[in-house]
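# Observations on chain architecture
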Amino acid sequence: DTEVTQTPKHLVMGMTNKKSLKCEQHMGHRAMYWYKQKAKKPPELMFVYSYEKLSINESVPSRFSPECPNSSLLNLHLHALQPEDSALYLCASSHIAERPYEQYFGPGTRLTVT
Amino acid sequence: GQQLNQSPQSMFIQEGEDVSMNCTSSSIFNTWLWYKQDPGEGPVLLIALYKAGELTSNGRLTAQFGITRKDSFLNISASIPSDVGIYFCAGQPAPVPSGNTGKLIFGQGTTLQVKP
């Protein structure tokens, strides 16, 4: 099973709303990632979790709050977002010790902030 | 920061033609990866390369890790309509910073369109 699942597939939220994006993998990967992607651009790394601990935060605004409840799940909590935060949000996972750079991506959540 | 220069930016080809694209850097990379992304979907890993000079195939796709470790190439033979999409190269630069688990540098992508 090389599948990373993400829910919801689409999300429309107002600037005062609080919402969460969810990601799940069952490949035994111990590294999980959040990326933001604008149209026709490469993914931009936001956060990395290694062994359920936050290891990289790419200076992401605090209105984005990641959480890794266990080795299979990754959440991204959203609050007070801006219209420019509208994008495709991608989750990915990989091994840590063996081939750590082979990242497997989910289908993404298309987020629109109104 | 480090950058990957991916070219061409876009290609419009006839079905059945072969396709070549490449990625270059001014610094050395330890790992090269090639991804394909369909509209509205996440990137799919096509090929991973770990050794200088390595040549790896995946069906009609062939990728190479350049001898200088500063470039990589992806070739697609006998293109078909479902090859349409954006192809991204990605790499892990050397040396690997401490605690920098899995942080990849992405190229800007090559958009491929195939005319039936």
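Per chain, residue numbering runs from 1 following the sequence as it is written. The order in which chains are written sets their letters, starting at A; the order in which ligands are written sets their numbers, starting at 1. For a predicted model such as this one, the threshold for reporting local features is a pLDDT of at least 70, and the threshold for listing and counting side-chain atom pairs is 80 or more; totals across whole chains, interfaces and linings nevertheless cover every residue. To obtain the side-chain values, all non-hydrogen atoms of the structure were used and water was disregarded.

### Some details on the overall build of chain B
Helix and strand definitions follow DSSP, with helices as H or I runs of at least four residues and strands as E runs of at least two, each counted in order from the N terminus. Secondary structure assignment for chain B yields zero helices and eleven strands. In sequence order, chain B lays out its α and β elements as β-β-β-β-β-β-β-β-β-β-β. Here the C-alpha atoms of chain B give a radius of gyration of 14 Å, agreeing with the 13 Å that 2.2 N^0.38 yields for 116 residues. The contact criterion used throughout is that any non-hydrogen atoms of two residues lie within 4.5 Å. In chain B, 56% of the contacts between residues at least 6 apart in sequence involve partners at least 24 apart. Accessible surface computed for chain B: about 5300 Å², of which carbon and sulfur atoms make up 51%. Note on charges: Lys and Arg go in the positive column, Asp and Glu in the negative column, and His and the chain ends are not counted at all. Every charge is mapped onto a representative atom, which is NZ of Lys, CZ of Arg, CG of Asp or CD of Glu. Distance between charge centroids for chain B: 10 Å, based on 7 positive and 8 negative side chains. Restricting the calculation to C-alpha atoms gives the radius of gyration, and the globule rule supplies 2.2 Å times the number of residues raised to the power 0.38. The Shrake-Rupley method, run with a 1.4 Å probe, gives the accessible areas here. Residue values count only the displayed protein chains as cover.

### A short note on the overall build of chain A
Tallying secondary structure elements over chain A gives zero helices and eleven strands in all. Listed N to C, the secondary structure of chain A is β-β-β-β-β-β-β-β-β-β-β in terms of helices and strands. Taking 114 residues into account, the globule formula puts the C-alpha radius of gyration at 13 Å, and chain A, at 13 Å, falls close to it. In terms of principal-axis extent, the alpha carbons of chain A reach across some 40 × 25 × 20 Å.

### A short note on the nonpolar core
To form a nonpolar core, buried Ala, Val, Leu, Ile, Met, Phe, Trp, Tyr and Cys residues must be joined to one another through side-chain atoms within 4.5 Å. Three labels apply to residues, based on accessible area from a 1.4 Å probe with only protein chains included: buried if under 20% of the type maximum, exposed if over 50%, partly exposed otherwise in between. In this structure, Trp34(A), Phe64(A), Leu76(A) and Leu78(A) are the most contacted members of the largest nonpolar core, which totals 23 residues. For this core, the elements supplying multiple residues, two or more each, are strand 2 (10-13), strand 3 (18-25), strand 4 (31-37), strand 5 (44-50), strand 7 (64-70), strand 8 (73-79), strand 9 (87-94) and strand 11 (109-113) of chain A. Grouped together as the second largest cluster of nonpolar side chains are 22 residues, Met11(B), Val19(B), Cys23(B) and Leu112(B) included.

### A short note on the interface of chain B and chain A
With 24 residues of chain B in contact, the opposing surface of chain A contributes 26 residues. Reported buried area values correspond to the accessible surface (1.4 Å probe) lost by two parts on association, with both partners' losses combined. Here chain B meets chain A over a buried area of about 2000 Å², counting both sides, of which 59% is carbon and sulfur. In what follows, salt bridge is the name for a side-chain nitrogen of Lys or Arg lying within 4 Å of a carboxyl oxygen of Asp or Glu. Taken together, the links from chain B to chain A amount to two salt bridges. A salt bridge links Glu58(A) to Lys103(B); the nearest nitrogen and oxygen atoms lie 2.9 Å apart. Throughout this description, a polar contact denotes any pair of N or O atoms lying within 3.5 Å of each other; where both atoms belong to protein, one of them has to be capable of donating a hydrogen while the other can accept it, and for residues adjacent in sequence the pair is counted only when both atoms sit in side chains. Run the count over chain B and chain A and you get four residue pairs in polar contact (both at pLDDT 80 or more). Broken down by secondary-structure element, the contributors of at least two residues to the side of chain B that touches chain A are strand 4 (29-37), strand 5 (44-49) and strand 9 (85-93) of chain B. Broken down by class, the residue content of the side of chain B that touches chain A amounts to eleven nonpolar, eleven polar and two charged. Under the grouping applied here, Gly and all other residues not named as nonpolar or charged are polar, the nonpolar ones being Ala, Val, Leu, Ile, Met, Phe, Trp, Tyr, Cys and Pro and the charged ones Asp, Glu, Lys and Arg.

### Concerning the state of the cysteines
The definition used for a disulfide is geometric: two cysteine sulfur atoms within 2.5 Å. Overall, the coordinates contain two disulfides over all chains when judged by the stated rule. Shown here is the disulfide that connects Cys23(B) with Cys89(B), its sulfur atoms set 1.7 Å apart. With Cys23(B) in strand 3 (residues 19-24) and Cys89(B) in strand 9, this pair connects stretches of sequence that are 66 residues apart. Neither residue differs from the other here; Cys23(B) and Cys89(B) are each classed as buried. Summary of cysteine pairing: Cys68(A) is not part of a disulfide, and the nearest cysteine sulfur, belonging to Cys91(A), is at 9.1 Å.

### Quick notes on the side chain of His29(A)
Residue and element names in this part refer to chain A. Here His29 is to be found in the loop between strand 3 and strand 4. A distance of 3.3 Å separates a polar atom in the side chain of His29 from the backbone nitrogen of Ser94. Those residues in contact with His29, other than ones at most four positions away along the chain, are Ser71, Ser93, Ser94, His95 and Tyr104.

### Quick word on the environment of Leu21(A)
Residue and element names in this part refer to chain A. As for its position among the elements, Leu21 is in strand 3. The exposure class of Leu21 is buried, given its relative accessible area of 0%. When the C-alpha atoms of Leu21 and Tyr89 are compared, they prove to be 8.6 Å apart, with 68 residues separating the residues in sequence.

### Details of the packing of aromatic side chains
Each aromatic ring pair is described using two quantities: the centre-to-centre distance and the angle formed by the ring planes. Residues and elements named next belong to chain B. Put simply, two rings from Phe, Tyr or Trp (the six-membered ring, in Trp's case) pair if the centres are within 6.5 Å, and we call them stacked under 30 degrees between planes, edge-to-face over 60, tilted for the rest. This model, assessed by the stated rule, comprises nine aromatic pairs over all chains. With a centroid separation of 6.5 Å and 90 degrees between ring planes, the pair formed by Trp32 and Phe65 is classed as edge-to-face. Of this pair, Trp32 sits in strand 4 while Phe65 sits in strand 7 (residues 61-65), placing them 33 residues apart in sequence. One exposure class covers both Trp32 and Phe65, and it is buried.

### Notes on the confidence of the model for chain A
Taken over all residues, the pLDDT of chain A has a mean of 94, while the share at 70 or more is 98%. As a per-residue measure, pLDDT reflects the predictor's confidence and takes values from 0 up to 100. Averaged over each element, pLDDT in chain A is lowest for strand 6 (residues 53-57) of chain A (93) and highest for strand 3 of chain A (98).

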